[in-house]
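# Chain and residue survey
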Amino acid sequence: MYHNNGEIENMTYYVPDEFPVDALPDILKHAVMEVETNTQAPMALIASSALGAISLACQHRVNVRRPTGMESPCSLFMLTIAESGERKTTADQLFTKPIRTFEAIQAEKFQRDLLQYQVEKLAWEIAQKAILRSIDKATTKGEPSDPISQCLADHMAKQPQPPRLIKLIYNDATPEAVALGLHKHWPSAGIVSDEGGSVLGNAATKNFSMANTLWSGGALTIDRRSSESFVVTNARLTISLMVQKKAMKKFCNKRDDEARSIGFLARFLVAEPQSTQGKRYIRNQLPSWQHLPVLQARLTDILNQSVANLDSGQIVDNVVLEFSPEAKQRWVDAYNTIESFVAPGGYLSDFKDYAAKAAENLARMAALFHWVQGSEGLISFDTVDRAARVCSWYTLGFTRFFNATPELSETQADTTLLASWLRTEIRGKGYFTVKKNFIRQRGPNPLRNKERLEKALQLLMSYDWIRYIRYGKTLFVELNSIHFS
């Protein structure tokens, strides 16, 4: 299902290295473009940092129900592979600023509440001792103690509860520390680091199964020998890491098999943007910040909604977002396309672990777009379509970095050739549909091979450039007007 929502610049190559920033919702797009203008860091690095911050800010408030009826958190796992000097820290600080400010305000409030709690607890303990002495005296004298025991029961029900320390960002914590924080204090956390190599090597991501459980929103049981065991329920976890390629390769050499087999890495949206170093020239103008503050204010508002009723002992319930009928069909189409790619010889046949999570990540991304934009009602077709374009870009990032076979590079070359031919020979002559057999018979020579043609078509479909449609027994390829304008 395609629609024409504006033209974009024709691309010489099918597989674009640049992040599809136009697909982002306006509040996010304008902020990302502004940060790119003022920092000259890679666009994909900036966008990934922004998506990680949005996930962390929104995950406590928003769940999403997919068209299958399954409900899940909207948390994302982001992985950006970039070398030193790409201004990872700058991007991270700009987008997490409202979260860190929120944390600081809540930490100050916690200290005030803690002092009040200690006073109330001391008074409560003194009253408890007085009631226990009364019970002891009555028992000693042989008098009835039932009224006093009821008084004790009423008193125990009023025991002061310690305040919550709302900590959201964990840089380099142990798995147990993150789990304890989710259980004891605040059930929403993010492992966020612009030096993700140390995190992958030493911290919370070592416990892959724990991260997987929290990504899915499942209950997490922590058994401890030296202290009381506990269960974490209805908690949320975002992971947003920026890692140097050498550190990521080292991690993969040591633990890739384990991380892939258990599905940990398959949950990540991976970006490896091209460096902008050597092109970051100083401009004779002062940076203008008009759009980033709007996004920062929106994230602050979302975070404040999460604690609006905390003083009364209430935690705000999750909002469950659902899709409009048109959006449902768009998601189903994307799901079915992804499923076709895992068939033997398919574009994602070597990445079944990633494909199994791709449609859910798409739903999560759409929910985040909807919520951060401040949209009301059901998630729209346009929002799902935008999320699909962004997720497709990350799919290529994953397959590029974790490429298990050298065949993808040949497929990419074939896809570039096919896209060029479709633009000139089909769209250039005024058509948007063509028989698949016609491409095989009349298309570029390398693509007259059935298997190579199918792989190139699948890669084009993964980016939503084309789709298959069937009339009777004939299979057609339909071009997306957005890319073949």
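Below, the structure is looked at part by part. Bear in mind that the values here come from a model prediction, so they are computed numbers and not experimental data. (Residues numbered from 1 in each chain as written. Predicted model: local features only at pLDDT ≥ 70, side-chain atom pairs only at ≥ 80, totals over all residues. Heavy atoms only, no water.)

## Here we look at the overall build of the protein chain
When you go through the protein chain residue by residue, the secondary structure sums to 15 helices and 13 strands. Per-residue burial over the protein chain gives 51% buried out of 485 residues. For the protein chain, restricting intrachain contacts to residue pairs at least 6 apart in sequence, the fraction spanning at least 24 positions comes to 76%. (Helix = DSSP H or I, 4+ residues; strand = E, 2+ residues; numbered from the N terminus. Buried < 20%, exposed > 50% of the residue type's maximum accessible area, 1.4 Å probe, protein only. Contact = heavy atoms within 4.5 Å.)

## Thoughts on the environment of Leu114
Take Leu114: it is sitting in helix α3 (residues 88-141). For Leu114, a relative accessible area of 23% translates into the label partly exposed. Taking the C-alpha atoms as reference points, Leu114 and Arg164, separated by 50 residues in sequence, lie 8.9 Å from one another.

## Some thoughts on the packing of aromatic side chains
Where two aromatic rings form a pair, the distance of their centres and the angle of their planes describe that pair. Within this structure, the stated rule accounts for 15 aromatic pairs. For the pair Phe77 and Trp215, a centre-to-centre distance of 6.5 Å together with 65° between the ring planes defines the contact as edge-to-face. In this pair, Phe77 sits in strand β3 (residues 77-81) while Trp215 sits in helix α7 (residues 208-216), placing the two residues 138 residues apart along the sequence. Since its relative accessible area comes to 0%, Trp215 is described here as buried. On the numbers, 6.4 Å between centres and 35° between planes, the contact of Trp421 with Phe438 is tilted. Here the residue Trp421 occupies a position in helix α13 (residues 407-426), and Phe438 occupies one in helix α14 (residues 436-442), the gap between them amounting to 17 residues. Three or more aromatic residues joined by ring pairs make a cluster, and in this case those are Phe351, Tyr354, Phe398, Phe401 and Phe402. (Phe/Tyr/Trp six-rings, centres within 6.5 Å; stacked < 30°, edge-to-face > 60°.)

## So, the nonpolar core
Ranked by size, the top nonpolar core spans 136 residues in total, and within it Met248 and Leu422 carry the most contacts. Ranked by the residues each element gives to this core, the list is headed by helix α11 (residues 352-372), at 13 residues. Once residues within four sequence positions are removed from consideration, Met248 is found in contact with Leu79, Ile81, Leu200, Val243, Leu265, Phe401 and Phe402. (Core = buried A, V, L, I, M, F, W, Y, C linked by side-chain atoms within 4.5 Å.)

## Observations regarding the sheet that holds strand β1 (residues 62-65)
Read across the open sheet, the three strands follow the order β2-β1-β10; overall the sheet is mixed. Of all strands in the sheet, those with a lone pairing partner are β2 (71-73) and β10 (319-321), marking the two edges. Neighbouring strand axes in the sheet, compared pairwise and without regard to direction, differ in orientation by 35° on average. By the bridge criterion, three bridges tie β1 to β10 in an arrangement that is parallel. If you follow Val64 over to β10, its bridge partner there is Leu321. The strands that α11 touches are β1, β2 and β10; relative to β1, the one it contacts most, it runs at about 130°. (Pairing = 2+ DSSP bridges. Axes fitted to C-alpha atoms, helices over the stretch in contact; angles between N-to-C directions.)

In short, shape yes, function no, at least from these values alone.
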